[in-house]
Amino acid sequence: MLKINNVVLRYGGIIALKGVSLEVNKGEIVALIGANGAGKSSVLKSIMALEKISSGEVYLDNVLLTGLSTDKIVNMGLCLVPEGRRIFTRMSVHENLLMGAFLRKDKQGIQDDIDKVLTLFPRLKERLVQKAGTLSGGEQQMLAIARGMMSRPKYLFLDEPSLGLAPVLVDEIFKIIKEINESGTSLLIVEQNAVKTLKLANRGYVVETGNVTLSGTSEELLSSEHVRAAYLGGH
Amino acid sequence: MGAVYALIALGYTMVYGILELINFAHGEIFMMGSFFGLLFWWILEMTGLSKVIPIPLAIFLMFVFSMIATAFLGALLEFIAYRPLRSVTNRLIPLISALGASIFLQNFAMLTFGSTNRVYPAIFPDFGWNLFHARISLIQIFIFVTCILMMIGLTLLVHKTKLGRSMRAVSQDYVTASLMGIRVNRIITITFMIGSSLAAAAGVMYGMYYGVAKFDMGYLAGLKAFTAAVLGGIGNIPGAMLGGFCLGIIESFGAGYISSEYKDMFAFLMLLFILLLRPSGLLGQQVPDKV
Ligand SMILES: Nc1ncnc2c1ncn2[C@@H]1O[C@H](COP(=O)(O)OP(=O)(O)OP(=O)(O)O)[C@@H](O)[C@H]1O
Ligand SMILES: [Mg+2]
């Protein structure tokens, strides 16, 4: 289980997280929703130690992660697919996938997993030797997710995986997220697309200006008046 | 000498590719590399080994000693002068630190090795061939071949190995590289070490060619190599190689047809022109792989 306890994060004078606590249980899909600037990405960055938190702790199966460097946290089975894709544009698609498997030594396993993600994302298979920067936005997003899977994470964090994608592609990505979860990976997903995400997720948290203001099962959140008014836009 | 400039230019370009920092102390790293080679020769002489071991082996060992020692010096430089400033957003501050490190190294060399020319051993056999109207000596061929081999080695390292792939990843996006599990600081240290050892090799060759090493030799050579790096498009590895060769050719033509007195000036005139006309360099941003 991943447990975030009372995390406070400051960017200079701005307090981005004012004591956030949340959990992701093994095998779950958890949604993190909230308005722009609420602090969703900051939660993920705090877990991965991309930003140094002022107080609070992050635990993985009761082991304290706070204070470890990002590479050690990755090594413990956590993986973040960051906001805005952040693929290595001047590397080929194949090299990007290999980067995802950077910490792994099992050559055969890596090759098997490349084959696996390529069947999941056939568009990438056709473009394996192409420079990643020349992919379309949607293809880049697929590559970012595929690269994230290459480390075989226990916990995968996706920051706005459907950003800028056509509706058909969004459905495709959500289907793949479900498959990733079924193969044993626990997920924490940040999304603007609140309805779709909550429908996919087991549970969810609502973040508002650095605080978790609401949490519950997806059904509870989907039927909550507050959530409906603020994020579901009357759907 | 173009090949030697290219070798030094690679160090500027690799560090810039990763940190967006112009390591102004790189010329001094080159100078220290030259002195480390010389130091090793002195050790051989003092122990009497210089008469025992064959010359090619002695030369080879000079390179190895100097490259290893300078690699550690480069790592130390990064650790002391740049790492503490990594999180500073003002880009001027690491630059000032670089200048400080450069002045420190020059003075250190002056105090340790003296302020006059130190004679490099003339251990290289003085062969030569006349080709058309120019004389090509064995040492020139040796320098050229060695430089080319090192550049091929570097290119293979950067493109064909896992280490090279992580260097490219760090240079493209170090935050995301850390998310892949790469130890970014370690890659930065290794980059400094590789760049410094190439400069060290250049320093030894420079010493052998001109027969001397001096505490301020890094200034001019460093500036010329920097010109070569800018000429090729800073941050761009093939660009630095190309820039070095171009600079060498322009310099020798300039010296031959105009005046050798002004030889050193051509490099700076060129730097001025590139910065005015084509700041992104010959290969600019079009060539994809920088480290
Ligand atoms: N590097 C930074 N420096 C200063 N302030 C920052 C930085 N990163 C984020 N912030 C601020 O912290 C707050 C939370 O940002 P965060 O990126 O976590 O929001 P978010 O919920 O992910 O928003 P979005 O939906 O737009 O991605 C915002 O007010 C933002 O301006
Ligand atoms: Mg965000």
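Residues numbered from 1 in each chain as written. Chains lettered and ligands numbered in written order. Predicted model: local features only at pLDDT ≥ 70, side-chain atom pairs only at ≥ 80, totals over all residues. Heavy atoms only, no water.

*Asks:* It is not clear to me how the overall build of chain A should be interpreted in this structure. Could you clarify?
*Replies:* Helix and strand content of chain A: ten helices and ten strands. Across its three principal directions, the C-alpha atoms of chain A cover 45 × 40 × 30 Å. Looking at chain A as a whole, 52% of its 235 residues qualify as buried. Relative to all contacts within chain A whose residues are 6 or more apart in sequence, the contacts with residues 24 or more apart total 66%. For chain A, the accessible area works out to roughly 10,200 Å², and carbon and sulfur atoms hold 52% of it. Counting 28 positive and 25 negative side-chain charges, chain A places the averaged centre of each group 5 Å from the other. (Helix = DSSP H or I, 4+ residues; strand = E, 2+ residues; numbered from the N terminus. Buried < 20%, exposed > 50% of the residue type's maximum accessible area, 1.4 Å probe, protein only. Contact = heavy atoms within 4.5 Å. Areas by Shrake-Rupley, 256 points an atom, 1.4 Å probe, with all protein chains shown as cover. Lys, Arg positive; Asp, Glu negative; His and termini not counted. Charge placed at Lys NZ, Arg CZ, Asp CG, Glu CD.)

*Asks:* How should I be thinking about the site of ligand 1 in this particular structure?
*Replies:* Residue and element names in this part refer to chain A. Taken together, 14 residues lie near ligand 1, and Gly37, Lys40, Ser41, Ser42 and Glu83 sit nearest. A distance of 3.2 Å separates an oxygen atom of ligand 1 from a polar atom in the backbone of Ala38. Here Gln192 contributes a side-chain N or O atom positioned 3.0 Å from an oxygen atom of ligand 1. Notes on ligand 1: free accessible area 630 Å², of which the protein chains cover 66%. Of all the elements in the fold, those that place two or more residues in the shell around ligand 1 are strand S2 (14–24) and helix H1 (40–47). Ranked by residue count, the leading element in the shell around ligand 1 is H1, at three residues. When the residues that make up the shell around ligand 1 are grouped by side-chain class, the tally is five nonpolar, six polar and three charged. (Near = heavy atom within 4 Å. Polar contact = N/O pair within 3.5 Å; in protein donor to acceptor, adjacent residues only side chain to side chain. Nonpolar A, V, L, I, M, F, W, Y, C, P; charged D, E, K, R; others polar.)

*Asks:* Can you help me understand the sheet that holds strand S8 (residues 186–190) of chain A in this one?
*Replies:* Strand pairing in a sheet relies on backbone hydrogen bonds. The paired strands run either parallel or antiparallel. All names here are of chain A. The strand order S6-S7-S8-S3-S9-S10 describes an open sheet built from six strands, whose pairing is mixed. With partners counted over all chains shown, the strands left at the sheet margins are strand S6 (78–81) and strand S10 (211–217), one partner each. Adjacent strand axes in the sheet meet at a mean angle of 15° when their direction is disregarded. Sheet topology note: the strand S3 (residues 29–34)/strand S9 (residues 203–208) ladder contains five bridges and is parallel. By the bridge assignment, Ile33 is partnered in S9 with Val206. Docked against the sheet, H1 engages S3, S6, strand S7 (155–159) and S8, running at close to 145° with respect to S7. (Pairing = 2+ DSSP bridges. Axes fitted to C-alpha atoms, helices over the stretch in contact; angles between N-to-C directions.)

*Asks:* Mind showing me how you'd approach the packing of aromatic side chains here?
*Replies:* Working definition: an aromatic ring pair is given by the centre-to-centre distance plus the angle between the planes. On inspection of all chains with the given rule, the structure shows twelve aromatic pairs over all chains. Between B:Lys162 and the ring centre of A:Phe102, over which it is positioned, the NZ or CZ distance is 4.9 Å. (Phe/Tyr/Trp six-rings, centres within 6.5 Å; stacked < 30°, edge-to-face > 60°. Lys NZ or Arg CZ within 6 Å of the ring centre and 35° of its normal.)

*Asks:* Got a minute to help me understand unusual backbone geometry in this structure?
*Replies:* Most of the time, phi is negative for any residue but glycine, and the peptide bond is trans. Residues and elements named next belong to chain A. Unusually for a residue other than glycine, Glu160 sits at a positive phi of about 55°. For Glu160, the position within the fold is in the loop between S7 and helix H7 (167–182). Under the relative-accessibility criterion, Glu160 is labelled buried at 6%. At Thr209, a position not held by glycine, the phi torsion is positive, near 35°. By the element assignment, Thr209 lies in the loop between S9 and S10.

Nothing here speaks to function; it is geometry throughout.
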